[in-house]
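Architecture at a glance
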Amino acid sequence: FIKENFNHVKIISIRYPFSKFNFLKKTRFGFLFVEAIFMPILGFLNKSLLNRNFFFEIGEPDIIYFFNKSDAPAYFRRMKNVLLVGSDHASGLRKTDLFKAIQIKLVKYRLILRNIDVFHLFPPSDNLSEYITSFSLPNGVDIGKFTHKSGKSETVRLLFLARLEECKGVPLVLEIWEQIRLKAEVELNIAGSGRMESLVRSIKDLKFKYFGFIEENDLPKLISQCDIFIYPSTCDNYPLVILQALSSGLYVITNEMIASSFREFERIGQVKVVENKPSKYLEAINHYLENGRTFDLNESRAICISKYDWKVISEKLYEELLTAYYRKTGLYQ
């Protein structure tokens, strides 16, 4: 995508020698050990070498944006005229379990990622905002591509779109389908790939459609043809697919962890918050089958345009980065 759409951009690949230790992160204890102890020590001992290789390749930039809490941020020293921006990539810095609570404390007390000047938090984090310098901006959506369909079909199409991994809720979605598939007017569509693909492919049902991995350009058509988006994931906080579904006018059923980032859509009735149990999702689906769409599409569209259009988000991000850069360096345009 970058090569096709940003052909004037120079893409440089730099491999860090410690990435070979990523296998240690498979367990939560291993991840914590690597992130909090092992990598910081190795990063400290080899920081000069790593920084020299990096800046030899790209020169000295004004702003470096790390898109998640990978190993790379730990390898950079603080620099007077270079702004280092950290990002939790929509999930990493929110307190959802004990492991993440420990991560938050490590960041709070500057035991890890001490070199980061400012954090970009996708959903705001009350746990962190008073301890670190940060700004909050959500994901965005291309509202020109993701639009709602016109007309009404007799068939109500359910959609699940995600990596086919257990934490995304694949087993729960299939259990929901097993209990509702006999309703004549309901169809289930699943798209994505992953370790549970064979389980999804094993389902033989005329009203069940599996699309496999969908290319980015084909997503708007698939989403706009559906009515209800089911998303029982427990490993996301700000999924882009939710915004794409909302911009396309779908009724979204999801859990509290996901819905907490989309309160304005919950307020107008487009997002339904349920417990992560098949019975609760079934109740919400049956309510839609009986009553149809009860939210205002125009109001939903207005929210997407004003708050989530990629043009709006990108301009705000640019402003935040410049403000943080000028604040750190004392330089002004």
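Here the structure is shown first, and the text comes after it.
What this report covers is the structure whose coordinates are included nearby. Throughout this description, residue numbers start from 1 for each chain and increase along the sequence as written. Thresholds applied to this predicted model are a pLDDT of at least 70 for local features of residues and 80 or more for the giving and counting of side-chain atom pairs; totals over whole chains, interfaces and linings are not thresholded and use all residues. Side-chain measures were taken over the full set of non-hydrogen atoms in the model, leaving aside hydrogen atoms and water.

Turning our eyes to something else, we now look at the overall build of the protein chain. Helix numbering and strand numbering both begin at the N terminus, where a helix is a DSSP run of H or I of at least 4 residues and a strand a DSSP run of E of at least 2. What the protein chain contains, in helices and strands, is twelve helices and ten strands. Burial classification: accessible surface area is computed with a 1.4 Å probe over protein chains only, and a residue below 20% of its type maximum counts as buried, one above 50% as exposed, and the rest as partly exposed. By residue count, 47% of the 333 residues in the protein chain fall in the buried class. Carbon and sulfur atoms make up 53% of the accessible area of the protein chain, which totals about 18200 Å². Accessible surface is estimated by sampling points in the Shrake-Rupley manner with a 1.4 Å probe; for residues, cover comes only from the protein chains shown.

Let's shift gears to the nonpolar core. Generally speaking, a soluble globular protein has its nonpolar side chains buried in company with each other. As used here, the term nonpolar core means buried Ala, Val, Leu, Ile, Met, Phe, Trp, Tyr and Cys residues forming a set that is joined through side-chain atoms within 4.5 Å. Residues Ile190, Ile228, Phe229, Phe262 and Phe265 are the most contacted members of the largest nonpolar core, which totals 62 residues. The biggest single contributor to this core is helix H4 (residues 170-180), with seven residues. Apart from residues no more than four positions distant in its own chain, phenylalanine 262 is found in contact with Tyr238, Pro239, Ile242, Leu243, Leu246 and Val271. Residue contacts are counted whenever heavy atoms from the two residues lie within 4.5 Å of one another.

A separate point is the side chain of glutamate 264. Structurally, glutamate 264 is set in helix H9 (residues 263-267). Discounting chain neighbours no more than four positions away, the residues touching glutamate 264 are Ile303, Lys307 and Tyr308.

Quick look at H4 now. Of all the residues in H4, the buried ones are Val170, Leu172, Val173, Leu174, Ile176, Trp177 and Ile180. Looking at the buried residues of H4, the elements they touch are strand S5 (156-161), strand S6 (186-191), helix H5 (197-201), strand S7 (208-210), strand S8 (228-231) and helix H10 (278-291).

The working definition used for a salt bridge is a side-chain nitrogen of Lys or Arg within 4 Å of a carboxyl oxygen of Asp or Glu. This structure, assessed with the given rule, holds 14 salt bridges. Each member of the salt-bridge network shares a partner with another, and the members are Arg78, Asp117 and Lys328.

The criterion for a disulfide is a pair of cysteine sulfur atoms lying within 2.5 Å. Evaluation of the coordinates by the stated rule reveals one disulfide. Paired by a disulfide, cysteine 167 and cysteine 235 hold their sulfur atoms 2.2 Å apart. Looking down the S-S bond of the cysteine 167 and cysteine 235 bridge, the torsion is 65°, so its handedness is right-handed. With cysteine 167 in the loop between S5 and H4 and cysteine 235 in the loop between S8 and helix H7 (240-247), this residue pair connects regions lying 68 residues apart in the sequence.

With that out of the way, let us pick up the pairing of S5. In terms of burial, S5 is largely enclosed, as five of its six residues are buried. What makes two strands pair is DSSP finding at least two bridges between them. As judged from the six bridges shared by S5 and S6, these two strands associate in the parallel manner. For valine 156, the partnering residue across the bridge sits in S6 and is valine 186. Whether a crossover is right-handed comes down to one check: with the strands pointing away from the viewer, does the path from the first strand over the helix to the second run clockwise; if it does, it is right-handed. A crossover links S5 with its parallel partner S6, the connecting element being H4, and its sense is right-handed.

Let us look at the pairing of S6. Most of S6 sits out of view: six of its six residues are buried. Burial of the side chains of S6 extends over both faces: Val186, Leu188 and Ile190 are buried on one face and Glu187, Asn189 and Ala191 on the other. Two strands pair when backbone bridges link them, and S6 and S7 are joined in this way by three bridges, in the parallel orientation. Pairing of isoleucine 190 across the sheet is with tyrosine 210, part of S7.

A separate point is empty space enclosed by the protein. Using protein atoms alone on a 1 Å grid, points that fit a 1.4 Å probe yet trap it form a cavity, whereas open point sets bounded by protein on both sides within 12 Å along at least five of seven lines form a pocket; residues with an atom within 4 Å of a point count as lining. Grid points are joined across faces, edges and corners, and a volume is the space filled by probe spheres set on the points. If you walk through the whole model with that rule in mind, you get one cavity of 30 Å³ or more. Approximately 50 Å³ is the volume found for the largest cavity. For the largest cavity, the full set of lining residues is His148, Lys149, Cys226, Asp227, Ser248, Gly249, Leu250, Tyr288 and Arg293. Residues of the lining of the largest cavity, tallied by class, amount to three nonpolar, three polar and three charged. Residue polarity is assigned by list, with Asp, Glu, Lys and Arg as charged and Ala, Val, Leu, Ile, Met, Phe, Trp, Tyr, Cys and Pro as nonpolar; anything else, Gly included, falls into the polar class.

The next subject is the sheet that holds strand S9 (residues 251-254). Within the open sheet, the six strands sit side by side as S7-S6-S5-S8-S9-S10. Their pairing is parallel. Two strands bound the open sheet, and with one partner strand each, they are S7 and strand S10 (271-273). Within the sheet, the average angular offset between the axes of one strand and its neighbour, ignoring direction, is 20°. Axis definition: a line fitted to C-alpha atoms, limited for helices to the stretch in contact. Angles are taken between N-to-C directions and run from 0 to 180 degrees. Contacts between H4 and the sheet are confined to S5, S6, S7 and S8, with S6 contributing the most and set at about 160° to the helix. Running at roughly 165° to S8, H7 makes contact with S5, S8, S9 and S10 of the sheet.

What follows concerns the packing of H4 against H10. The contact between H4 and H10 brings their axes to 10 Å, and the two run at 55°. Judged by the inter-axis angle, H4 sits oblique to H10. Seen along the crossing, H4 lies across H10 with a hand that is right-handed. Contacts between H4 and H10 involve Leu172, Glu175, Ile176, Gln179 and Ile180 from the first element and Pro278, Tyr281, Leu282, Ile285, Asn286 and Leu289 from the second. For the contact of H4 with H10, the class distribution of residues is eight nonpolar, two polar and one charged. Throughout this description, any angle smaller than 35 degrees is read as roughly parallel, any larger than 145 degrees as roughly antiparallel, any in the 65 to 115 degree range as roughly perpendicular, and the remainder as oblique. In this scheme, a crossing is called left-handed if the near helix is turned counterclockwise away from the far one by less than a right angle; it is called right-handed if the turn is clockwise.

Our focus in this paragraph is the sheet that holds strand S2 (residues 83-87). Sheets are built from strands paired through backbone hydrogen bonds, the pairs being either parallel or antiparallel. Spatial strand order, S1-S2-S3-S4: four strands in an open sheet with parallel pairing. The sheet is open, and its two borders are formed by strand S1 (63-66) and strand S4 (134-136), each paired with just one other strand. For this sheet the average axis-to-axis angle between neighbouring strands, irrespective of direction, equals 20°. Direction of pairing for strand S3 (residues 118-121) relative to S4: parallel, over a ladder of three bridges.

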